[in-house]
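If you want the building blocks of each chain, they are given just below.
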Number of protein chains: 2
Amino acid sequence: MDRHQTEKDDEASAQGRPTLKTLAFMTGLGVTTVSRALKDAPEIGAETRRRVQLVAKQIGYRPNRAGVRLRTGKTNVISLVLNTEREIMSFVSDIIYGVSEVIADTPYHLIVTPYSRSQDPLDPIRYLVETGSADGVIISRTQPNDPRARYMLERGIPFATHGRTDMGLIHPYHDFDNYAFATEAVRHLAGLGRRRLALLGPPVELTYHSHTLNGFTDALSEVGASEIPFNTVSIDHSIEQIRMRTAQLMRRDVRPDGFVSSAAAATLAIVAGIEDAGLKLGREVDVVSKQSSDLLHLFRRELLVVNENFRLAGAELARSVLGWIGGAAPGSLQSLSMPTEVLAYRRPD
Amino acid sequence: MDRHQTEKDDEASAQGRPTLKTLAFMTGLGVTTVSRALKDAPEIGAETRRRVQLVAKQIGYRPNRAGVRLRTGKTNVISLVLNTEREIMSFVSDIIYGVSEVIADTPYHLIVTPYSRSQDPLDPIRYLVETGSADGVIISRTQPNDPRARYMLERGIPFATHGRTDMGLIHPYHDFDNYAFATEAVRHLAGLGRRRLALLGPPVELTYHSHTLNGFTDALSEVGASEIPFNTVSIDHSIEQIRMRTAQLMRRDVRPDGFVSSAAAATLAIVAGIEDAGLKLGREVDVVSKQSSDLLHLFRRELLVVNENFRLAGAELARSVLGWIGGAAPGSLQSLSMPTEVLAYRRPD
DNA sequence: GTGACAATCTGTAACGTTTCAGTATATAGA
DNA sequence: TCTATATACTGAAACGTTACAGATTGTCAC
């Protein structure tokens, strides 16, 4: 009666990582029972369940990921897809930490899937989907009509986008309200008496370009200010390019007396350009900039800043993907983060 | 004679991702033969090999990672272990890209394994080793006597450290020559007539603390300058802390007329502190700083900078780990990166 | 005492791969 | 013609897990 074991079970006592077989041997149960007991299946007796779980904890049993993955197809992997050339530096670091924070006490691992300038952004996505390498995907640099989102939606693989799309398709996203950022920025500049404003925004292909631009122009007409076009560059351009163009612009007859900038590094370049042209921040011109870490006010105290929290974005995106994987409705996994009011660390008076 | 198949093989034609079975069915060979043909095993006929590889390419066969991993234990994963609180921002981003660059055309995936302040740094390593989650590991924030390196060396898992250890144990590393950085920095400051120098270095527990400090003090005596102690803070401290301490220091009677700073963000804080005390960079005091992205000269043109290339570090570290996995001698996988000469973007004259 | 039924537990097969121990054929040597 | 050997291929087993389809109890109504 207590001789249930087959001869093979004895091997289970061999050293190495404990498996279900080890647990089965130790508890005198079958591997099936052990497997089910560990996941609280209903047809397992309460005492058995407790016993198995106790032993499992004691010997530090951890399910073999390859075994689970092979059998079930579940990878327990979230992939973060990043552009290795154009991504904002602090974005990469913070979003990774945000994601990590959320998946820390889940069985999920985070894998980073990079793609470079030259590649079709769809390439890494195709790879992930075709090889079934991840249960969920996070993408950034979202476009209004984003082939990646469409592709993943078609294949039914859970994902979340940093930034919204505009294709009439529903999927999880997290976005910063760049419309609100731009309007706030313009209003603030107007409050300082600035009347001719220039915008250094994201590149046209990204969705938040139009969000930012719309906020900018709407607020311009609201406050009765005018735009000095500055769309030969975007925050994707090099520091040197932006600096040079800014200096050119500031040497014109009609030059802006205010800037709105969508990224901190670009703001450094704008300020350098302004100073190259012999003008002074806070005197001839003011700049409102987004930043993701609290450093711009050290750069020039006259800078006006709005904070965008990428770590929070990472956490939200991770929560969204996990939610979708867990069966939640994609439409319920969308979030928008509001900008803080414009922060002036020290206004000259 | 052409009826080798068992009844089961017919299933192979079912849709879904192609497997070895699919290939075996299509080529009329056994799965073993296909498996061996794909990895250029010697006992496979030349024509068969070519035929199998052609078909495999045509239908886009990709080995199932879970299958390989389960059978062989090979994960094809490199894990980058990061501290989610203390890591330098640009370090995270650049090192990831550097690693990605190297593993791009290998079967390896990069997984990011985070740990937080509260945790024992050994925890994530133990997890990786115990669960066999990675074939190779990259760690940063290396200490002279680093329990993580010792642990991995004992278990025989390939790894590389960013920074050297000092335990008499041999393992791959990549390091920036911080001794050379500090000596160069001091010499340059001395060349500008600076005589009382302060060092804002890494925290004491990291190996490159003493490298930096030794370079600093050695060069001090070489040029006959003296040290103003500034070791109540390190580059790990918050911007606010560093700023405050710097301002305190600069208001003393004997204050430094030169700083050496090991990190760009810390340098921003130092400069802010200097200016808080009513002094001017380039006049009363000069600062030499390491930076990893080319932004400090925009901040204050008087800053003197030395570049440390983290992307290259990432690439080197990845190459080292892959090399070790591939059977190279750990001692042959060590590299040291020399600092550029101190760059002054524009010296006031 | 029998049958029905629920409550627990179990072995087998399969996921895709590689390794092991072969098998079949051809070639060569005697 | 026979044996030995090299060449080219093969099936079965195993890695650790879960799903499926039972199997073994005990309880209860009749």
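Residues numbered from 1 in each chain as written. Chains lettered and ligands numbered in written order. Predicted model: local features only at pLDDT ≥ 70, side-chain atom pairs only at ≥ 80, totals over all residues. Heavy atoms only, no water.

Even after reading the chapter, I still don't get the protein's contact with DNA strand C, so can you show me in this structure?
Contacts to DNA strand C come from 25 residues, most closely from Thr32 and Thr33 of chain A together with Lys39, Tyr61 and Arg71 of chain B. In this structure, Thr48 of chain A approaches DNA strand C through a side-chain N or O atom, which is 2.7 Å from a phosphate oxygen. Residue Gly67 of chain B places a main-chain N or O atom 3.3 Å away from a base nitrogen belonging to DNA strand C. Those elements that place two or more of their residues in the surface near DNA strand C are helix 2 (31-38) and helix 4 (65-72) of chain A together with helix 2 (31-38) and helix 4 (65-72) of chain B. Of all the elements, helix 4 of chain B adds the most residues to the surface near DNA strand C, at four residues. (Near = heavy atom within 4 Å. Polar contact = N/O pair within 3.5 Å; in protein donor to acceptor, adjacent residues only side chain to side chain. Helix = DSSP H or I, 4+ residues; strand = E, 2+ residues; numbered from the N terminus.)

Would you mind going over the nonpolar core with me for this structure?
If you look at the biggest cluster of nonpolar residues, it comprises 62 residues, and the most contacted ones within it are Leu200, Phe259 and Ile274 of chain A together with Leu200, Phe259 and Ile274 of chain B. For this core, the elements supplying multiple residues, two or more each, are strand 6 (196-200), helix 10 (239-250), helix 11 (264-276) and helix 12 (296-299) of chain A together with strand 6 (196-200), helix 10 (239-250), helix 11 (264-276) and helix 12 (296-299) of chain B. Excluding anything up to four places from it in sequence, Phe259 of chain A contacts Leu189, Ala198, Phe230, Thr246, Leu249, Met250, Ile270, Ile274, Val285, Asp286, Val287 and Val288 of chain A. Core analysis: the next-biggest nonpolar cluster, separate from the first, contains 44 residues, Ile95 and Val102 of chain A together with Val99 and Leu317 of chain B among them. (Core = buried A, V, L, I, M, F, W, Y, C linked by side-chain atoms within 4.5 Å. Buried < 20%, exposed > 50% of the residue type's maximum accessible area, 1.4 Å probe, protein only. Contact = heavy atoms within 4.5 Å.)

What is the right way to look at a nonpolar patch on the surface in this model?
A surface patch of nonpolar side chains, about 240 Å² in accessible area, is lined by Phe25, Met26 and Ile59 of chain B. A relative accessible area of 32% places Phe25 of chain B in the partly exposed class. (Patch = residues over 30% accessible without salt bridge, like charges linked within 9 Å, V, L, I, M, F, W, Y side chains within 5 Å. Areas by Shrake-Rupley, 256 points an atom, 1.4 Å probe, with all protein chains shown as cover. Salt bridge = Lys/Arg side-chain N within 4 Å of Asp/Glu carboxyl O.)

What is the right way to read the packing of helix 6 (residues 122-130) of chain B against helix 7 (residues 147-155) of chain B from this model?
The packing of two helices is summarised by the inter-axis angle and the distance between the axes. Residues and elements named next belong to chain B. Two elements in contact, helix 6 and helix 7, have axes separated by 10 Å at closest approach and are oriented at 15 degrees. Classified by the angle between their axes, helix 6 and helix 7 sit roughly parallel to one another. Crossing handedness for the pair helix 6 and helix 7: right-handed. Two secondary-structure elements touch here, helix 6 through Leu122, Ile125, Arg126, Val129 and Glu130 and helix 7 through Pro147, Arg148, Tyr151, Met152 and Arg155. Partitioning the contact of helix 6 with helix 7 into residue classes produces six nonpolar, no polar and four charged. (Axes fitted to C-alpha atoms, helices over the stretch in contact; angles between N-to-C directions. Parallel < 35°, antiparallel > 145°, perpendicular 65-115°, else oblique. Left-handed = near helix turned anticlockwise from the far one by under 90°. Nonpolar A, V, L, I, M, F, W, Y, C, P; charged D, E, K, R; others polar.)

Would you mind going over the pattern of salt bridges with me for this structure?
Two side chains of opposite charge can pair, provided their charged atoms sit close to one another. Taken as a whole and judged by the stated rule, the model has 41 salt bridges over all chains. Between Arg148 of chain A and Asp146 of chain A there is a salt bridge; the shortest N-O distance is 2.8 Å. Across the pair, Asp146 of chain A and Arg148 of chain A agree in class, each one buried. Put simply, Arg36 of chain B and Glu43 of chain B hold a salt bridge, and the shortest N to O gap is 2.2 Å. Residue Glu43 of chain B is classed as partly exposed on the basis of its relative accessible area, which comes to 49%. Where salt bridges share partners, they join Arg86, Arg141 and Asp236 of chain A into one cluster.

Could you clarify how one ought to interpret the relation of the copies chain A and chain B in this entry?
The two chain copies are related to each other by a rotation about an axis together with a translation along it. For these two chains of identical sequence, chain A goes onto chain B by a turn of 180 degrees and a shift of 0.0 Å along the axis, with RMSD 0.0 Å. Considering both components of the superposition, the chain copies are consistent with a two-fold axis. Proximity to the rotation axis, assessed at the C-alpha, singles out Ile111 of chain A in chain A; its C-alpha lies 2.1 Å from the axis. The residues that chain A uses at the interface reappear at the interface of chain B in 100% of cases, marking a shared surface. (Least-squares fit on C-alpha atoms with pLDDT ≥ 70 in both.)

What should I look at first to understand helix 13 (residues 310-325) of chain B in this one?
The periodicity of an α-helix, 3.6 residues per turn, causes residues three or four places apart in sequence to face the same way. All names here are of chain B. Here helix 13 is 16 residues long and its end C-alpha atoms lie 22 Å apart, about the 22 Å a rise of 1.5 Å per residue gives. Listed in full, the buried residues belonging to helix 13 are Phe310, Ala313, Gly314, Ala315, Leu317, Ala318, Ser320, Val321, Leu322, Gly323 and Trp324. In this fold, the buried residues of helix 13 make contact with strand 1 (77-83), helix 5 (89-103), strand 3 (136-139), helix 7, strand 4 (159-162) and strand 5 (173-176). Between the side-chain oxygen of the N-cap and the backbone nitrogen of Arg311 there are 3.0 Å, and the N-cap of helix 13 in question is Asn309. Downstream of helix 13 by a residue or two, Gly327 has a phi angle that is positive, lying close to 105 degrees. (Expected span 1.5 Å × (residues − 1).)

Would you mind going over the sheet that holds strand 8 (residues 258-261) of chain A with me for this structure?
Whenever strands of a sheet pair, they do so through backbone hydrogen bonds, lying parallel or antiparallel. Residues and elements named next belong to chain A. Spatially, the six strands line up as an open sheet ordered 7-6-8-9-10-12, and their pairing is mixed. Every other strand in the sheet has two partners, leaving strand 7 (226-227) and strand 12 (343-344) as the edge strands with one partner each. The pairing of strand 6 with strand 8 spans four bridges and is parallel. From the neighbouring strand, Leu199 faces strand 8, where its bridge partner is Val260. Relative to the sheet, helix 11 contacts strand 6, strand 8 and strand 9 (286-291), its axis offset from that of strand 9 by approximately 160 degrees. (Pairing = 2+ DSSP bridges.)

Would you mind going over the protein's contact with DNA strand D with me for this structure?
Around DNA strand D, a shell composed of 24 residues is seen, among which Tyr61 and Arg71 of chain A together with Gly30, Thr33 and Thr48 of chain B lie nearest. Restricting the count to atoms of DNA strand D within 4 Å of the protein gives a sugar and phosphate share of 61%. With respect to DNA strand D, the backbone of Leu20 of chain A contributes an N or O atom lying 2.7 Å from a phosphate oxygen. Within the contact set of DNA strand D, a base nitrogen lies 3.3 Å away from a backbone nitrogen or oxygen of Gly67 of chain A. Put simply, the parts of the chain that give the surface near DNA strand D at least two residues each are helix 2 and helix 4 of chain A together with helix 2 and helix 4 of chain B. With four residues, helix 4 of chain A is the single largest residue contributor to the surface near DNA strand D. Considering only residue class, the surface near DNA strand D consists of seven nonpolar, twelve polar and five charged.

Would you mind going over the pairing of strand 9 of chain A with me for this structure?
Residues in a regular strand project their side chains so that they alternate between the two faces of the sheet. Residues and elements named next belong to chain A. Extensive coverage of strand 9 is indicated by the burial of six of its six residues. Burial along strand 9 is two-sided: the residues Asp286, Val288 and Lys290 and Val287, Ser289 and Gln291 are all buried. Direction of pairing for strand 8 relative to strand 9: parallel, over a ladder of four bridges. Each residue of the ladder has a partner; that of Phe259, found in strand 9, is Val287.

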